[in-house]
Amino acid sequence: MKTLKWWQNAVFYQIYPRSFADGNGDGIGDFKGITEKLDYLAGLGVDALWLSPHFPSPNWDCGYDISDYTNVAPEYGTMDDFKHFLGEAHKRNLRVILDLVLNHTSDEHPWFLESKSSKDNPKADWYVWVDTPPNNWQSCFDGEAWTYAPERNQYYYHYFMKQQPDLNWKNPEVKKAMWDAVRFWLDLGVDGYRLDALGTIFEDPALTPHTVPMNLVELRRFSEAAKTPEELKQKEKYWHDMFKNQWGQPGIHELMKELRSIVDEYEDRMLVGEDDNIDYMGNGMDELHLVFNFPLANTDRITPKHIRNNQQDRIAQLNKLSAGGWACNTLGNHDRSRIYTCYGDKVHDAELARLNAALVLTLKGTPFLYNGEEIGMTDYMLTNIAQVKDTMGSWYYHTIVTDMGVHPDEALVRTAEMTRDKNRTPMHWANKPNAGFSPDGVETWLPVNPNYKAGINVHDQERNPDSILNYYKHLLKVRRETPALVEGNYTPLHENAEDYFAFLRTAEKQAVLVVLNYSEKRLNLNFSDAKELENKNLHTLFSSGVRSHVEHAASKLSIAPFEVFIAEAKA
Ligand code: GLC
């Protein structure tokens with residue numbers, strides 16, 4: 001076996017703290033709740049947890065607007081609760097990484113309160129201040145990117161909501177303060193960080209205006225109406241052009257190198273970036289350990305062709321890094337429509353969700369799962385504007401109703417579709433009131449999706465051998481017990497096949513074939529042309545179908561509709 005780092009072997013599981021488990025019965029998830037569920041997570045078979053922000057926050061952006069980087073949000077518990085959680089996770093061999101939001105703070109952070117109080121206070125230059133808006137830049141959440149602060153008679157810049165002012169990373173004092181916060185949690189023993197929105201840290205120094213003939217809200221309306229291939233292409237181009245001067249700007253690599261050197265002062269910690277740009281891995285040793293393979297997820301339909309093209313491209317780029325690069329695959333997180341919903345076809349959603357889970361867990365690279373996907377949670381469309389907690393959604397609703405005269409009914413439908421609340425509803429633990437997330441009668445912070453009653457909950461699925469939960473558990477076990485699925489190289493097979501995606505994972509002592517049948521057809525396949533499988537038998541390690549035999553000839557393999565088949569080559 002190769003010696004891999006823990007984060008190369010691990011399967012990560014993202015916990016959205018507000019929605020994971022409510023330990024004190026107030027309708028909001030918390031550390032008590034998470035700690036009580038650690039046995040569940042260990043039993044599921046994941047190895048590491050990524051926590052979305054758990055810091056004090058006014059929650060304009062559900063915790064991504066932080067008002068104290070070295071504390072715990074009171075609704076989630078105390079610092080002692082956090083330490084207890086971390087200790088209990090480590091006892092179960094579960095690593096823990098935190099969310100690191102570098103680009104901006106909350107507008108209620110003491111740093112910002114001081115900075116905006118006058119033009120000559122000690123933190124006057126900690127944020128990005130200008131006398132008048134220098135250009136037409138937009139915030140990607142709420143319109144104009146420049147907001148007036150009467151205290152200074154100046155404007156500050158924000159890439160996200162106006163309650164999320166951008167820090168001025170050119171100021172060495174900002175860096176020092178943030179690196180102190182980074183060390184604070186590493187000293188406590190956390191295993192690393194997921195870096196939030198790192199592409200937005202620097203802006204184009206020339207402040208070049210965007211060239212799109214509309215503002216943010218108009219672009220959203222344009223995007224909703226875009227249907228033809230030309231319109232869809234135009235939409236992509238507009239989004240890119242609107243923000244291209246506000247992200248991916250010079251300075252990020254130097255900053256990531258600095259951060260990496262801090263993290264490397266500690267033993268065995270890691271960084272994963274919320275970006276798909278492999279350049280942020282530097283030479284493979286001196287910037288981030290991982291970046292997400294978002295291009296795999298950025299499609300309406302996961303097809304064999306899409307996967308093959310994606311893998312070819314990503315692996316070629318990773319191989320170019322002088323110290324080598326490690327892949328990182330994910331389909332779901334707190335910002336994206338749930339995988340059960342968005343890659344379904346409304347007829348075979350259950351089959352497709354299982355295929356896509358197998359995809360992430362068998363491709364080369366570190367998988368990241370999002371809480372709830374293991375029980376097949378779906379998007380939940382809110383039906384009342386008062387329920388919306390994602391303020392980019394409520395801002396959009398009010399803007400199109402008030403400024404554009406859109407009918408409130410239509411505005412609500414559009415808002416329910418675009419807000420990220422739909423994929424952040426509370427986790428379903430049981431077929432009990434409030435899905436067992438909170439006690440009966442408690443109003444949860446977001447409504448619970450009523451489909452927990454239809455078997456989409458942990459308790460029922462644990463008792464059902466055919467549930468998607470037991471399917472995830474089984475796959476995670478097979479992955480853990482099969483070295484080639486963790487460390488093996490990737491070789492695509494039958495590269496023109498449109499119905500199925502087949503590939504080999506080959507390690508020093510093991511060759512494993514994976515076949516994912518994305519079609520309703522029964523397939524009769526011959527893999528004996530692959531040199532690793534020539535004259536070999538296939539010993540089944542996992543099948544989502546019903547198989548009467550364990551051994552199959554590589555030359556004569558029958559695959560059921562939508563089957564996931566994983567087998568080891570044996571002489
Ligand atoms: C990242 C987070 C997202 C947040 C944004 C601003 O994209 O994943 O949830 O709104 O950054 O912090």
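The structure displayed is predicted, hence computed values, not measured ones.

1. Comments concerning the environment of Trp326
Inspection of the secondary structure puts Trp326 in the loop between α12 (304-320) and β12 (328-330). Note on Trp326: relative accessible area 9%, which makes it buried. Not counting the four nearest positions on each side in its chain, Trp326 is found in contact with Leu4, Trp7, Gln8, Met281, His289, Leu290, Leu318, Lys364, Gly365, Thr366, Val486 and Glu487. Here Thr366 takes part through its side chain, which lies 2.9 Å from a polar atom of the side chain of Trp326.

2. Brief notes about the pairing of strand β21 (residues 564-570)
The buried fraction of β21 amounts to six of the seven residues, a majority that puts the element mostly inside the structure. Here strand β16 (residues 510-517) pairs with β21 via five bridges, running antiparallel. The residue of β21 that forms the bridge with Leu513 is Ala567. Looking at chain direction, strand β18 (residues 537-543) and β21 are connected through six bridges and run antiparallel. Its bridge partner being in β21, His539 is matched across the sheet by Glu568.

3. Some remarks on the pairing of strand β3 (residues 95-101)
Among the seven residues in β3, six count as buried, and that is most of the element. In the sheet, strand β2 (residues 48-51) pairs with β3 via three bridges, with the strands oriented parallel. The residue of β3 that forms the bridge with Ala48 is Arg95. As a crossover connection, the stretch from β2 through helix α5 (residues 79-91) into β3 is right-handed.

4. Here's the deal with the side chain of Asp196
Position of Asp196 relative to the elements: it lies in strand β9 (residues 192-196). Of the residues examined, Asp196 reaches a relative accessible area of 7% and is grouped as buried. In terms of polar contacts, Asp196 uses its side chain to reach the side chain of Arg194, at 2.8 Å. Other than its neighbours up to four places away in sequence, Asp196 contacts Tyr64, Asp99, Leu100, Val101, His104 and Glu274.

5. Structural notes on the domain arrangement of the protein
Annotation of the protein at the domain level lists domain 1 (6-102 + 172-202 + 248-379 + 447-460), domain 2 (110-157) and domain 3 (482-570). The C-alpha centroid of domain 3 is placed 30 Å from the C-alpha centroid of domain 1. Between domain 1 and domain 3, the residue contacts involve 20 residues of the former and 26 residues of the latter. It is Arg308, Leu355 and Thr362 in domain 1 that bury the most area against domain 3; as a group they hold 38% of the surface buried on that side. Taken together, domain 1 and domain 3 are joined by six residue pairs in polar contact (both at pLDDT 80 or more). Counting only elements with at least two residues in the side of domain 1 that touches domain 3, the list comes to α1 (6-9), α12 and α14 (349-362).

6. Re the site of the ligand
If you check the shell around the ligand, you find 13 residues, and the closest are Asp61, Asp196, Glu274, His334 and Asp335. Asp61 has a polar side-chain atom sitting 2.6 Å from an oxygen atom of the ligand. Between the ligand and Glu274, the relevant distance is 2.7 Å, taken from an oxygen atom to a side-chain nitrogen or oxygen of the residue. The class makeup of the residues in the shell around the ligand is four nonpolar, two polar and seven charged.

7. Remarks on the pattern of salt bridges
What the rule picks out here adds up to 34 salt bridges. The partner of Glu481 in a salt bridge is Lys477, and the shortest N-O contact between them spans 3.4 Å. Taken as a pair, Glu481 and Lys477 lie in helix α18 (residues 468-481) at a separation of four residues, close to a single helical turn. In this structure Lys477 comes out as partly exposed when scored by relative accessible area, which is 43%. Linked by salt bridges that have partners in common, Asp61, Asp335, Asp390, Arg420 and Arg424 make up one network.

8. What about the packing of α5 against helix α7 (residues 172-188)?
α7 packs onto α5 with a crossing angle of 55 degrees between their chain directions and a minimal axis gap of 11 Å. Taken together, α5 and α7 sit at an angle that is classed as oblique. On α7, the residues that touch Met79, Phe82, Lys83 and Leu86 of α5 are Phe184, Trp185 and Leu188. Looking at the contact of α5 with α7, its residues break down into six nonpolar, no polar and one charged.

Cut-off values and rules
- Residues numbered from 1 in each chain as written.
- Predicted model: local features only at pLDDT ≥ 70, side-chain atom pairs only at ≥ 80, totals over all residues.
- Heavy atoms only, no water.
- Helix = DSSP H or I, 4+ residues; strand = E, 2+ residues; numbered from the N terminus.
- Buried < 20%, exposed > 50% of the residue type's maximum accessible area, 1.4 Å probe, protein only.
- Contact = heavy atoms within 4.5 Å.
- Polar contact = N/O pair within 3.5 Å; in protein donor to acceptor, adjacent residues only side chain to side chain.
- Pairing = 2+ DSSP bridges.
- Right-handed = clockwise from strand over helix to strand, strands pointing away.
- Domains from an automatic or database assignment.
- Buried area = accessible area lost by both parts, 1.4 Å probe.
- Near = heavy atom within 4 Å.
- Nonpolar A, V, L, I, M, F, W, Y, C, P; charged D, E, K, R; others polar.
- Salt bridge = Lys/Arg side-chain N within 4 Å of Asp/Glu carboxyl O.
- Axes fitted to C-alpha atoms, helices over the stretch in contact; angles between N-to-C directions.
- Parallel < 35°, antiparallel > 145°, perpendicular 65-115°, else oblique.

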